[in-house]
Amino acid sequence: KHKFWETQPVGQFKDVGDSSLPEGPIEPPTPLSEVKQEPYNLPSPYEWTTCDMDSEETCNEVYNLLKNNYVEDDENMFRFNYSKEFLRWALRPPGYYRSWHIGVRAKASKKLVAFITGVPARIRVRDEVVKMAEINFLCVHKKLRSKRLAPVMIKEVTRRVHLENIWQAAYTAGVVLPTPITTCQYWHRSLNPKKLIDVGFSRLGARMTMSRTIKLYRLPDSPVTPGFRKMELRDVPAVSRLLRNYLSQFVVAPDFDEDDVEHWLLPTDSVVDSFLVESPQTHEITDFCSFYTLPSSILGNQNYSTLKAAYSYYNVATKTPLLQLMNDALIVARQKDFDVFNALDVMENQSFLKELKFGPGDGQLHYYLYNYRIRNALTPTELGLVLL
Ligand code: NHW
Ligand code: EN5
């Protein structure tokens, strides 16, 4: 079945449920001198390129490859359309390596035909903090599919990660591979129900009219929590403390320092939004919520070309009820003209999804670790990691 994945240091299906296998690295690191020094061979019409995301031109090429060839839903109605600013943000966190932004070009035309990326991250698994690569944006042009290019790209990114003395990775996918550490469900909260129905993202419920549906999803014009405001640079230390403390309860979660929080959570227009609650009495920062912007192209609709989606990111409630905090997040997302607010059933999200009128989607997201075994699959509530 999995001719490539069977050869890789990942949990194998045959080992699921085998409690005799130890938790931790599957293979030990090898001396750096033993890491292959030359890139893997591509089929001869293609060549490797390192993509400089600082370059407007390269960033445009990556953007266009993904816009036309990246992830679609199971009925091919929508395709992720990550913006250029988003890609720059996602690919240049603290300590990033340019060599992990890997493209494949057609030798003849120099056209970019495939892409894969890694960014460094410290991920805690139980009480061990492990240096990992987060792998994302694996994409092969539609016309070059099923030619076994993906395994070569995965081996090449693995080699370049190894050259930095990093031996583990984390990644997510909509497809089942050997073997998920957990499987999460996507949930969706309509903000602009009429458009969602018009484009086929959602359906009019049984015994529901359009005006009844619009009323069902109506939200207040502004957040209700006193002291709710946008996060600022001066909040980085307090947000870092709040988030680090919160994430410590999950089995798998990022180990964010202040530089990471500044990069990943300080608001960036049309990329990431973060809000917090500052106590009007004590000026203490007690609660935090965030979401990132990921539009999808709407494939073949006469009236609309993009679906504007917000994705729940990291949220921490210590004083404000999480339900109220997330309702305020929905309110500000609606004010910013998002059509839908998406969330996974990770962390404590289950506690607000139904009450805030999210409904389950038709998509799932499987989480994976490379070269790190987890003894038993986790529940989504044990997972404190959101990948983009
Ligand atoms: S998931 C999004 C992936 N991208 C898309 O779905 C975009 C649309 N699809 C495509 O571009 C987020 C192609 O279909 C792709 C496959 C490129 C997906 N992950 O070339 P072949 C990420 O970016 C396996 C991993 O013929 P193709 C995370 C498949 O099981 N493996 O297929 C990325 C088969 O192997 P098998 C995947 O359709 C994580 C082989 O590829 C996969 O032309 C990467 C077939 O290759 C997927 N999403 O191209 C792993 N989809 O053993 C990182 C298919 O079953 C691992 N495959 O025969 C860690 C590396 C770093 C380690 C550091 C220590
Ligand atoms: C991770 N970095 O399938 C990249 N999305 O449910 C890989 N469905 O939007 C991730 N099919 O259910 C890949 N509407 C995995 C995700 C791939 C994209 C995907 C799903 C997630 C999705 C929508 C549209 C379905 C269109 C037909 C969906 C129902 C919404 C409804 C709103 C009202 C309440 C009930 C639910």
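Higher on the page you've got the structure.
Predicted model, so just to flag it, every value in this text is computed and none were measured.

**Q** Can you explain the overall build of the protein? Please cite residues and give values.
**A** Along the backbone of the protein there are 9 helices and 17 strands. For 388 residues, the compact-globule estimate of 2.2 N^0.38 gives 21 Å, and the protein sits close to it at 21 Å. On the principal axes, the C-alpha backbone points of the protein span a range of 60 × 50 × 45 Å. Per-residue burial over the protein gives 55% buried out of 388 residues. Relative to all contacts within the protein whose residues are 6 or more apart in sequence, the contacts with residues 24 or more apart total 75%. Surface summary for the protein: the accessible area is close to 18100 Å², and the carbon and sulfur share equals 49%. Where the 47 positive side-chain charges of the protein centre and where its 46 negative ones centre are 7 Å apart.

**Q** Break down the layout of surface pockets for me, with residues and values.
**A** One number sums up the size of the second largest pocket: a volume of about 430 Å³. In this structure, the second largest pocket is lined by 31 residues; those nearest its centre are V119, P120, A121, E134 and W264. For the lining of the second largest pocket, the secondary structure elements donating two or more residues are α2 (84–91), β4 (112–125), β5 (128–140) and α7 (258–265). Tallying contributions element by element places β5 first for the lining of the second largest pocket, with 6 residues.

**Q** Please provide a residue-by-residue account of a nonpolar patch on the surface, values included.
**A** On the surface, F13, V16 and V176 cluster together into a nonpolar patch covering about 280 Å² of accessible area. Here V16 is to be found in the segment before β1 (46–50).

**Q** Can you explain the sheet that holds strand β13 (residues 306–307)? Please cite residues and give values.
**A** With antiparallel pairing, the 3 strands of this open sheet are ordered in space as β2-β12-β13. Pairing within the sheet leaves two strands with one partner each, and these edge strands are β2 (78–80) and β13. Bridge count between β2 and strand β12 (residues 296–298): 3 bridges; the pairing is antiparallel. Pairing of F80 across the sheet is with S296, part of β12. Running at roughly 155° to β2, helix α1 (residues 56–69) makes contact with β2 and β12 of the sheet.

**Q** So what's going on with the nonpolar core? Residues and values would help.
**A** Counting residues in each nonpolar core, the largest one holds 78 residues, and the members touching the most others are V252, Y313 and Y314. Per-element accounting of this core gives the leading share, 7 residues, to helix α6 (residues 236–247). When residues no more than four places from it in sequence are discounted, the contact partners of V252 are I123, R124, V125, I181, I374, L378, E382, L383, G384 and L385.

**Q** So what about the site of ligand 1? Which residues, and what values?
**A** Close contacts around ligand 1 come from 33 residues, with H2, W5, L138, S146 and A150 the closest. Here an oxygen atom of ligand 1 sits 2.9 Å away from a polar atom, N or O, in the main chain of V140. One of the side-chain N or O atoms of R148 is found 2.9 Å from an oxygen atom in ligand 1. Across the complex, the protein chains shield 88% of the 1200 Å² of accessible surface that ligand 1 would expose by itself. Among the elements of the structure, β5, α3 (149–162) and β6 (168–173) are those that each provide at least two residues to the shell around ligand 1. For the shell around ligand 1, the element with the highest residue contribution is α3, accounting for 7 residues. Here the residues of the shell around ligand 1 sort into 20 nonpolar, 8 polar and 5 charged.

**Q** Give me the lowdown on the site of ligand 2, citing residues and values where you can.
**A** Around ligand 2 lies a shell of 23 residues, among which D73, E75, H188, D362 and L388 are the nearest. Within the side chain of H188, one N or O atom sits 2.7 Å away from an oxygen atom of ligand 2. In the complex, the protein chains occlude 85% of the 870 Å² of accessible area that ligand 2 would expose alone. Counting only elements with at least two residues in the shell around ligand 2, the list comes to β7 (182–190) and β17 (359–370). No other element matches the 7 residues that β17 contributes to the shell around ligand 2. Grouping the amino acids of the shell around ligand 2 by side-chain chemistry returns 9 nonpolar, 10 polar and 4 charged.

Parameters at a glance
- Residues numbered from 1 in each chain as written.
- Chains lettered and ligands numbered in written order.
- Predicted model: local features only at pLDDT ≥ 70, side-chain atom pairs only at ≥ 80, totals over all residues.
- Heavy atoms only, no water.
- Helix = DSSP H or I, 4+ residues; strand = E, 2+ residues; numbered from the N terminus.
- Rg over C-alpha atoms; globule rule 2.2 N^0.38 Å.
- Buried < 20%, exposed > 50% of the residue type's maximum accessible area, 1.4 Å probe, protein only.
- Contact = heavy atoms within 4.5 Å.
- Areas by Shrake-Rupley, 256 points an atom, 1.4 Å probe, with all protein chains shown as cover.
- Lys, Arg positive; Asp, Glu negative; His and termini not counted.
- Charge placed at Lys NZ, Arg CZ, Asp CG, Glu CD.
- 1 Å grid on protein atoms, 1.4 Å probe; cavity = no way out; pocket = protein on both sides within 12 Å on 5 of 7 lines; lining within 4 Å.
- Points joined across faces, edges and corners; volume = space filled by probe spheres on them.
- Patch = residues over 30% accessible without salt bridge, like charges linked within 9 Å, V, L, I, M, F, W, Y side chains within 5 Å.
- Salt bridge = Lys/Arg side-chain N within 4 Å of Asp/Glu carboxyl O.
- Pairing = 2+ DSSP bridges.
- Axes fitted to C-alpha atoms, helices over the stretch in contact; angles between N-to-C directions.
- Core = buried A, V, L, I, M, F, W, Y, C linked by side-chain atoms within 4.5 Å.
- Near = heavy atom within 4 Å.
- Polar contact = N/O pair within 3.5 Å; in protein donor to acceptor, adjacent residues only side chain to side chain.
- Nonpolar A, V, L, I, M, F, W, Y, C, P; charged D, E, K, R; others polar.

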